[in-house]
Amino acid sequence: MNILFIRILALAGLFGLACTTKVSEWVLLNTAPEEYQLVCYHTSQASESMRQQNENIAAELKNANIKFRTAVRENEKSPWYELSYKNIPFARFSNAGELKGLSSSPVREKIADEIMAGKLCVMVFLKSGDEAKDKPRLNILRKTVATSPFRSVITLTELERNDTDELHFISMLLNVEDDLKDLNEPMLFGVFGRFRALEPLAGRGITGENIGLMVDFLTADCSCLIKDDLPGASILFTNKWENPMPAMVNRIFDEDPSLLHH
Amino acid sequence: MMEQDTTLQNTIQERPLPKWLTDQRDGLNQYQPEILEMKDDRSLTFSFAFTGILIVLVVAVLSIYVLKKRRKDII
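Not measured: the values here are computed from a predicted model.

### A look at the overall build of chain A
Here's step 1: Across its full length, chain A carries nine helices and 10 strands.
Here's step 2: Taking the principal axes of the C-alpha coordinates as reference, chain A spans close to 80 × 55 × 30 Å.
Here's step 3: The 262 residues of chain A split such that 50% are buried.
Here's step 4: Long-range contacts, defined here as pairs at least 24 residues apart, represent 75% of the contacts in chain A between residues at least 6 apart.
Here's step 5: The average position of the 29 basic charges and that of the 36 acidic charges among the side chains of chain A differ by 1 Å.

Pasting the structure below:
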């Protein structure tokens, strides 16, 4: 009897090791955002005003997932800034004014608020600017989410490609994959965790089935495979991610366990 | 950035779906830690049995040897 009891206890412990936390919740609680890097290139004759300006930039970016540094290059005609992600430069700024809103913007604030409130994800629909392409895909998105059992925990956000307040955010979204900048199609990004954007569904890839798979991915049990190689890219943002509200999706599963899947 | 779907594409139709999506569709995201099952550990039993057999064999061999030696001495 004792041996049977010990066996049951050991098996229960091993089952307990298998992660049943959902992907979206696990990433929010455990995965720190990856860092961007901003470098200011200037000559050794940097003016006092530029030094002060860089101190202000450093202070502004202090709480964001970015490292800021300066580098001396004697052959530079004027100071300039370079933004990199994973050591790959993707944006260049000729003056500090262009860095305004780099680490925060109205839409990013709203998305972070939704995620911290316990929502599963925010689906960001980035329009192409071509109504004929955007409208049918947007209709599919709205219809799919409206009929999903998880509709109450998914937020939809539409973003114009030329939104001047969100230029940095759009630039970072289009940097999630190498070929997105050249793609004149509507795109759907799933944003979750500490501002992680999944590789998007683009153009005709925005289908009900694929949107359903995005929801399935985020509501699945978090596997080792996902933890070890988290898809997508981090977006630059100034925020504290401590003490988020409990994940709302768990309440949906409690009410209807038939929705549980792996 | 993921490398598997960054190849240059001529058209949107040829652009592959993201890996996270195809993995989810094909059930490849489900990998979980291997659940180990408890198995009976019989090594101690085998060890006792082997030692016991060895002792019996040694005692038997020595007994035969001593008995034969004693017979020779008597003769």
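### What to know about the side chain of Asn65 of chain A
All names here are of chain A.
Here's step 1: In this structure, Asn65 sits in the loop between helix H3 (48-60) and strand E2 (66-72).
Here's step 2: Given a relative accessible area of 8%, Asn65 falls into the buried group.
Here's step 3: Within the structure, the side chain of Asn65 is placed 2.9 Å from the backbone nitrogen of Phe237, a separation counted as a polar contact.
Here's step 4: Setting aside its immediate chain neighbours within four residues, Asn65 contacts Pro33, Glu34, Glu35, Tyr36, Ser234, Ile235, Leu236 and Phe237.

### Points about a nonpolar patch on the surface
Here's step 1: On the surface, Phe50, Leu54, Val58 and Leu62 of chain B cluster together into a nonpolar patch covering about 400 Å² of accessible area.
Here's step 2: Structurally, the position occupied by Leu62 of chain B is in helix H2 (residues 43-74).

### Focus: the pairing of strand E5 (residues 121-126) of chain A
The side chains of a regular strand alternate between both faces of the sheet.
Residues and elements named next belong to chain A.
Here's step 1: Counted residue by residue, E5 has six buried out of six residues, so it is predominantly covered.
Here's step 2: Covered by surrounding structure in E5 are Cys121, Met123 and Phe125 together with Val122, Val124 and Leu126, the residues of both alternating faces.
Here's step 3: The pairing of E5 with strand E6 (residues 154-159) spans six bridges and is parallel. Bridged to Val122 within E6 is Thr155.
Here's step 4: Between E5 and its parallel partner E6, the chain crosses via helix H5 (residues 131-146), and the hand of that crossover is right-handed.
Here's step 5: As judged from the five bridges shared by E5 and strand E7 (residues 187-192), these two strands associate in the antiparallel manner. What sits directly across from Val122, in E7, is Val191.

### Some words on the pattern of salt bridges
Here's step 1: Counting across every chain of the model gives 14 salt bridges over all chains.
Here's step 2: A salt bridge links Glu185 of chain A to Lys133 of chain A; the nearest nitrogen and oxygen atoms lie 3.4 Å apart. Of the two residues, Glu185 of chain A sits in the loop between helix H6 (167-173) and E7 while Lys133 of chain A sits in helix H5, which places them 52 residues apart along the sequence.
Here's step 3: Here Lys19 of chain B ties to Asp23 of chain B by a salt bridge, and the two come within 2.7 Å at their closest N and O atoms. Within this pair, Lys19 of chain B and its partner Asp23 of chain B are both found in helix H1 (residues 19-25), separated by four residues, close to a single helical turn.
Here's step 4: Relative accessible area serves as the criterion here: at 9%, Asp23 of chain B is assigned to the buried category.
Here's step 5: When salt bridges that share partners are traced, they join Lys127, Arg142, Glu158 and Glu160 of chain A into one network.

### Re the pairing of strand E1 (residues 36-42) of chain A
Residues and elements named next belong to chain A.
Here's step 1: A large share of E1 lies buried, amounting to six of its seven residues.
Here's step 2: Bridge count for E1 against E2 is seven bridges, and the pairing is parallel. Counterpart to Cys40 in the pairing with E2 is Thr70.
Here's step 3: Where the polypeptide runs from E1 across H3 and back to E2, its parallel neighbour, the crossover connection is right-handed.

### Regarding the sheet that holds strand E4 (residues 88-93) of chain A
All names here are of chain A.
Here's step 1: Read from one edge of the open sheet, four strands run E2-E1-E3-E4, paired in mixed fashion. Only two strands of the sheet have a single neighbouring strand rather than two, namely E2 and E4. Pairwise comparison of adjacent strand axes, ignoring direction, gives a mean angle of 25° for this sheet.
Here's step 2: As judged from the five bridges shared by strand E3 (residues 80-85) and E4, these two strands associate in the antiparallel manner.

### Points about the packing of aromatic side chains
Residue and element names in this part refer to chain A.
Here's step 1: Per the counting criterion, the structure on display carries nine aromatic pairs over all chains.
Here's step 2: Measuring from centroid to centroid gives 5.8 Å for Phe169 and Phe195, while their planes differ by 85°, and the two rings are edge-to-face. Taken as a pair, Phe169 in helix H6 and Phe195 in the loop between E7 and strand E8 (196-197) lie far apart in primary sequence, 26 residues in all.
Here's step 3: Owing to a relative accessible area of 0%, Phe169 belongs among the buried residues under this scheme.
Here's step 4: One aromatic cluster is present, formed by Phe169, Phe195, Phe237 and Trp241 through successive ring pairs.
Here's step 5: For Arg73, the ring lying beneath its charged end belongs to Tyr41, and the centroid distance is 4.0 Å.

### Re the confidence of the model for chain B
Residues and elements named next belong to chain B.
Here's step 1: In the predicted model, chain B carries a mean pLDDT of 80, and 75% of its residues have values of at least 70.
Here's step 2: Low confidence marks residues 1-10, where pLDDT is under 50. Its contacts with residues over four positions away, or in another chain, come to 26 contacts.
Here's step 3: Overall fold confidence for the complex sits at a pTM of 0.77, while the interface term, ipTM, reaches 0.82.

### What about the environment of Phe237 of chain A?
All names here are of chain A.
Here's step 1: Structurally, Phe237 is set in the loop between strand E10 (233-234) and helix H9 (249-255).
Here's step 2: Owing to a relative accessible area of 3%, Phe237 belongs among the buried residues under this scheme.
Here's step 3: When neighbours within four sequence positions are excluded, Phe237 is seen to be in contact with Asn63, Ala64, Asn65, Ser103, Ser104, Arg108, Glu109, Ala112 and Phe195.

Reading the values: the criteria
- Residues numbered from 1 in each chain as written.
- Chains lettered and ligands numbered in written order.
- Predicted model: local features only at pLDDT ≥ 70, side-chain atom pairs only at ≥ 80, totals over all residues.
- Heavy atoms only, no water.
- Helix = DSSP H or I, 4+ residues; strand = E, 2+ residues; numbered from the N terminus.
- Buried < 20%, exposed > 50% of the residue type's maximum accessible area, 1.4 Å probe, protein only.
- Contact = heavy atoms within 4.5 Å.
- Lys, Arg positive; Asp, Glu negative; His and termini not counted.
- Charge placed at Lys NZ, Arg CZ, Asp CG, Glu CD.
- Polar contact = N/O pair within 3.5 Å; in protein donor to acceptor, adjacent residues only side chain to side chain.
- Patch = residues over 30% accessible without salt bridge, like charges linked within 9 Å, V, L, I, M, F, W, Y side chains within 5 Å.
- Areas by Shrake-Rupley, 256 points an atom, 1.4 Å probe, with all protein chains shown as cover.
- Salt bridge = Lys/Arg side-chain N within 4 Å of Asp/Glu carboxyl O.
- Pairing = 2+ DSSP bridges.
- Right-handed = clockwise from strand over helix to strand, strands pointing away.
- Axes fitted to C-alpha atoms, helices over the stretch in contact; angles between N-to-C directions.
- Phe/Tyr/Trp six-rings, centres within 6.5 Å; stacked < 30°, edge-to-face > 60°.
- Lys NZ or Arg CZ within 6 Å of the ring centre and 35° of its normal.
- pLDDT = per-residue confidence, 0-100.

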